[in-house]
Amino acid sequence: MSIALSTDVPSLPIELPAPSGLAEDQLCGRRCVWCAASLNTAITVDLRERREVSAHGSTSSWFPRCCRPCGFEHIYRALLDHTQSCEQCADDLTRCRVGTGLRMAMRTVRR
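Residues numbered from 1 in each chain as written. Predicted model: local features only at pLDDT ≥ 70, side-chain atom pairs only at ≥ 80, totals over all residues. Heavy atoms only, no water.

K.L.:
I tried to follow the environment of Leu79 on my own but got confused; where do I start?
P.N.:
Note that Leu79 resides in helix α2 (residues 68-85). On a C-alpha basis, the gap between Leu79 and Gly101 in space is 9.2 Å, while along the polypeptide they are 22 residues apart. Contact partners of Leu79, with chain neighbours within four places excluded, come to Gly99, Leu102, Arg103 and Met106. (Helix = DSSP H or I, 4+ residues; strand = E, 2+ residues; numbered from the N terminus. Contact = heavy atoms within 4.5 Å.)

Here's what the structure looks like:
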């Protein structure tokens, strides 16, 4: 079973590689977007559909997925970056939807 990130937050600030630099297997979710490891349902983290707008204005979708180790590393980095610059997270961790979404994503990939 593949693990999907929560849909409660519209977009989590997890930096992904540019789609133009990825192989077809990475764009389709058969390989990790970061390390290009082959994925199976036991180790897959679904990073949700992404839409990219080309220079000509057309929109295309891609479906990034990653392995758990890469997911943990990149989601943790995004969580640290976010909480250091978010006033809501500094005041009360439960008030920020993005911070909460990133913490939930961390719990998801740690399983």
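K.L.:
Got a minute to help me understand α2 in this structure?
P.N.:
Every α-helical turn comprises 3.6 residues, leaving residues that sit three or four positions apart pointing alike. Taking 1.5 Å per residue as the helical rise, α2 with its 18 residues ought to reach 26 Å, and the 26 Å between its terminal C-alpha atoms agrees with that figure. Within α2, burial applies to Cys70, Gly71, His74, Ile75, Ala78, Leu79 and His82. All buried residues of α2 project into a common sector of 155 degrees when viewed along the axis, lining one side. In this structure, α2 carries Pro69 and Gln84 as exposed residues pointing more than 90 degrees from its buried face. At its buried positions, α2 is contacted by β5 (65-67), α3 (87-91) and α4 (97-110). (Expected span 1.5 Å × (residues − 1). Buried < 20%, exposed > 50% of the residue type's maximum accessible area, 1.4 Å probe, protein only. Arc of directions from axis to C-beta.)

K.L.:
I'm lost on the nonpolar core in this one. Help?
P.N.:
Nonpolar side chains tend toward joint burial in soluble globular proteins. Grouped together as the largest cluster of nonpolar side chains are 19 residues, with contacts concentrated most on Ile14, Cys32, Ile75 and Leu102. Secondary-structure elements contributing two or more residues to this core are β5, α2 and α4. Look past the residues within four positions of Leu102 in its chain and what remains in contact with it is Leu12, Pro13, Ile14, Ile75, Ala78, Leu79 and His82. (Core = buried A, V, L, I, M, F, W, Y, C linked by side-chain atoms within 4.5 Å.)

K.L.:
How do you make sense of the pattern of salt bridges when you look at a structure like this?
P.N.:
Side-chain pairs of opposite charge can arise where the charged atoms are in close proximity. Summed over all chains, the structure comprises 4 salt bridges. Taking the shortest distance from any N to any O, the salt bridge between Arg51 and Glu49 comes out at 3.5 Å. For Arg51, a relative accessible area of 57% puts it in the exposed group. Measuring nitrogen to oxygen at the nearest pair gives 2.8 Å for the salt bridge that ties Arg77 to Glu73. Within this pair, Arg77 and its partner Glu73 are both found in helix α2, separated by 4 residues, close to a single helical turn. Taking the relative accessible area as the measure of exposure, Glu73 reaches 40% and is therefore partly exposed. One continuous salt-bridge network, built from bridges that share partners, spans Asp25, Arg30 and Arg31. (Salt bridge = Lys/Arg side-chain N within 4 Å of Asp/Glu carboxyl O.)

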